[in-house]
Amino acid sequence: MSAEHTHLPPGVEVITTLPEATSRIPAGAEARTIRVTLSPGDPGAPPHRHPGPLFGYVTQGEILFELEGQPPRVLKAGDALFEPGGDVIHYQGANNLPDAQSQLVVTMFAPPGTPVLTVVSAEELAARRHLRVTQP
């Protein structure tokens, strides 16, 4: 923990920081706060990408999270997440629980007017298959 976080008032906790975050934010971007609520067993959106980086936090349940170039992992309530946006494919953001709701809140930095996500075509997924990391 850095020195600037050592004297926080009771009840205030820095979960994670992202060094050099401003270098990842597109010029002229707007900040969007987005809540994603997934019903039990919901597979989430199909493979997609975001127009800019996002930084978030799992508020409830468990999310099966997979980005291009990274192995799938389970994020639990209290875990933070980062996506660089742009060209990176977000393969999974599924509710990992079959019997309970899961939820996350993210702040996305994106050019105004861009969609929150764009679904990736089957052809592109096939062409980029070599960039996907599978678990052993």
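Residues numbered from 1 in each chain as written. Predicted model: local features only at pLDDT ≥ 70, side-chain atom pairs only at ≥ 80, totals over all residues. Heavy atoms only, no water.

S.K.: Explain the overall build of the chain here, please?
M.R.: Across its full length, the chain carries one helix and nine strands. Listing every helix and strand of the chain by position from the N terminus yields β-β-β-β-β-β-β-β-β-α. Relative to the globule expectation of 14 Å for 136 residues, the C-alpha radius of gyration of the chain, 16 Å, shows essentially globular dimensions. Taking all 136 residues of the chain together, the buried fraction comes to 29%. Carbon and sulfur atoms make up 57% of the accessible area of the chain, which totals about 7900 Å². Of the side chains in the chain, 9 bear a positive and 14 a negative charge, and the two mean positions are spaced by 4 Å. (Helix = DSSP H or I, 4+ residues; strand = E, 2+ residues; numbered from the N terminus. Rg over C-alpha atoms; globule rule 2.2 N^0.38 Å. Buried < 20%, exposed > 50% of the residue type's maximum accessible area, 1.4 Å probe, protein only. Areas by Shrake-Rupley, 256 points an atom, 1.4 Å probe, with all protein chains shown as cover. Lys, Arg positive; Asp, Glu negative; His and termini not counted. Charge placed at Lys NZ, Arg CZ, Asp CG, Glu CD.)

S.K.: How should the packing of aromatic side chains be read in this particular structure?
M.R.: Ring pairs (aromatic) are described by centroid distance and by the angle formed between their planes. Enumeration according to the criterion identifies zero aromatic pairs in this entry. For Arg132, the ring lying beneath its charged end belongs to Tyr91, and the centroid distance is 4.1 Å. (Phe/Tyr/Trp six-rings, centres within 6.5 Å; stacked < 30°, edge-to-face > 60°. Lys NZ or Arg CZ within 6 Å of the ring centre and 35° of its normal.)

S.K.: Any chance you could explain the side chain of Asn95 here in plain terms?
M.R.: Its place among the elements puts Asn95 in strand β7 (residues 90–95). By relative accessible area, which is 6% here, Asn95 ends up buried. Within polar-contact distance, the side chain of Asn95 engages the backbone nitrogen of Leu97 at 2.8 Å. Leave out the neighbours within four places in its chain, and Asn95 touches Leu38, Ser39, Pro40, Gly41, Asp42, Glu62, Ala100, Gln101 and Ser102. (Polar contact = N/O pair within 3.5 Å; in protein donor to acceptor, adjacent residues only side chain to side chain. Contact = heavy atoms within 4.5 Å.)

S.K.: Looking at this structure, I do not really get a nonpolar patch on the surface. What am I missing?
M.R.: A grouping of Val116, Leu117 and Val119 is seen on the molecular surface, where their side chains present a nonpolar patch of about 220 Å² in accessible area. Checked against the element boundaries, Leu117 lands in the loop between β8 (102–110) and β9 (118–119). (Patch = residues over 30% accessible without salt bridge, like charges linked within 9 Å, V, L, I, M, F, W, Y side chains within 5 Å. Salt bridge = Lys/Arg side-chain N within 4 Å of Asp/Glu carboxyl O.)

S.K.: How should I be thinking about the UniProt feature "domain: Cupin type-2" (unreviewed entry) in the chain in this particular structure?
M.R.: Mapped onto this numbering, the UniProt entry gives "domain: Cupin type-2" (unreviewed entry) at residues 35–90. Helix makes up 0% of residues 35–90 and strand 50%. Its end C-alpha atoms lie 17 Å apart. (UniProt positions renumbered as here; feature names shortened; annotations may be inferred.)

S.K.: I'm lost on the environment of Thr134 in this one. Help?
M.R.: Mapped onto the fold, Thr134 is located in the segment after α1 (122–127). Taking relative accessible area as the criterion, Thr134 reaches 63% and is therefore assigned exposed.

S.K.: Explanation requested: the sheet that holds strand β6 (residues 80–83) in the structure shown.
M.R.: The pairing of strands in a sheet comes from backbone hydrogen bonds and takes either a parallel or an antiparallel form. With antiparallel pairing, four strands are arranged side by side in an open sheet as β1-β8-β3-β6. Edge strands, defined here as strands with exactly one partner in the open sheet, are β1 (30–38) and β6. Across this sheet, the average inter-strand angle for adjacent strands is 20°, counted without regard to direction. Pairing of β1 with β8, which is carried by nine bridges, proceeds in the antiparallel orientation. Across the sheet, residue Leu38 finds its bridge partner in β8, namely Ser102. (Pairing = 2+ DSSP bridges. Axes fitted to C-alpha atoms, helices over the stretch in contact; angles between N-to-C directions.)

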